[in-house]
Amino acid sequence: MKIPFLIDTDTASDDAVALIMALRSPRIQVMAITTVAGNVDVHQASRNALYTAQLSDSEVPVFEGAEQPLKRPHASADWFHGRDGLGDHGYPPPRRKPERQSAADAIINTIEAHPGLVMVTLGPLTNVAIALQKKPSIAARVSRCVVMGGAPCCEGNVTPAAEYNIWCDPEAARVVVRSGLPIELVGWHLCRGEAVLNPSDIQHVLGFGTPVAKFAIECNSRAQQAFLEQSGEHGISLPDPVAMAVALDPSIVTAQSEHFLDVETESELTRGMTVVDRLNVAHDERNREVWAASLAAGHKAKIVWTIDNARWKRALYAALR
């Protein structure tokens, strides 16, 4: 019996690779893909998701979602992924169109039709927040919610304090982390260092000679350049595929722990910061008032601290062969 997955994405270059991993996995079935404004506008995100599904020989339905964050204007990441999100290589339009149903309604209906499914979020959490606001009870029907987002231990990739997905719509992220969804937070730090596809890894992938392998490297060409400018590291950093690897096989996680988690929404300096109660002091008298909402909800998130980088890369290679 294949495990049902629901994927929400702002489909750009690393998202596309994550989608390939899911769509080509023999162990799961992707029931729906929902798209959201983030790396690119939502229409481009839908186009990219449909093109990636087509490349993966999948007819999975794609549902278009929110055009902007809950309370803020949309700020794309075209500086990192290119104008079209896929490195501006001029990929042709996909053969299919998105479904007519909205992403939020599709999230609700898919969860209700497949209780116990695994949700994987690869972009800003706007669609998921809207779905939860419409039907809070869906949170209890998800077995795992793997969230690519946050910088729980270190600096962010869009500001010193925040990772892009959470920063883009921090209000939505706060709704989601307080909802009771069984969150597993896969932060940006997990795609750095030894997790980066280094030049020899890139040549190894290109040596597979498959269309998906070529696409995976080519669509990340702008992202590779931007990552070097940002971090000084040579190679391709793939946050969304790392999160997908965790979703597909949680045993690649080598260290995680459960804590109260909240998101900063009011400060411009630390907007979108994922604040983890790692020392379990939220209950202390000096913190109780600020953490009151999280404490009242009583929901903790699993925070992934480290993974087996060799196994993550093997999982990627298996999907691209």
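Residues numbered from 1 in each chain as written. Predicted model: local features only at pLDDT ≥ 70, side-chain atom pairs only at ≥ 80, totals over all residues. Heavy atoms only, no water.

Caption draft 1: Spatial organisation of the packing of helix H8 (residues 199-206) against helix H9 (residues 211-218). One can describe the packing of H8 onto H9 by two numbers: an axis separation of 8 Å at closest approach and a directional angle of 150°. Of the possible angle classes, the one that applies to H8 and H9 is roughly antiparallel. Between H8 and H9, the residues in contact are Ile202, Val205 and Leu206 and Ala213, Lys214 and Ile217, respectively. (Axes fitted to C-alpha atoms, helices over the stretch in contact; angles between N-to-C directions. Helix = DSSP H or I, 4+ residues; strand = E, 2+ residues; numbered from the N terminus. Parallel < 35°, antiparallel > 145°, perpendicular 65-115°, else oblique. Contact = heavy atoms within 4.5 Å.)

Caption draft 2: Representation of the pairing of strand E5 (residues 142-148). Extensive coverage of E5 is indicated by the burial of six of its seven residues. Of the strand pairs in this sheet, strand E4 (residues 117-121) and E5 are connected by five bridges, and their pairing is parallel. Looking across to E5, one finds that threonine 121 is bridged to valine 147. For the crossover from E4 across helix H5 (residues 126-134) to E5, the handedness is right-handed. As paired strands, E5 and strand E6 (residues 183-186) are joined by four bridges and run parallel to one another. Note on E6: the bridge partner recorded for valine 147 is leucine 185. (Buried < 20%, exposed > 50% of the residue type's maximum accessible area, 1.4 Å probe, protein only. Pairing = 2+ DSSP bridges. Right-handed = clockwise from strand over helix to strand, strands pointing away.)

Caption draft 3: Expanded view of the pattern of salt bridges. What the rule picks out here adds up to 16 salt bridges. Taking the shortest distance from any N to any O, the salt bridge between glutamate 171 and arginine 72 comes out at 2.9 Å. Here glutamate 171, found in helix H7 (residues 170-177), pairs with arginine 72, found in the loop between strand E3 (62-64) and helix H3 (78-81); they are 99 residues apart in sequence, far enough to count as distant. By the burial criterion, glutamate 171 is buried, and arginine 72 matches it. Each of Arg72, Glu171 and Glu268 takes part in one network of salt bridges that share partners. (Salt bridge = Lys/Arg side-chain N within 4 Å of Asp/Glu carboxyl O.)

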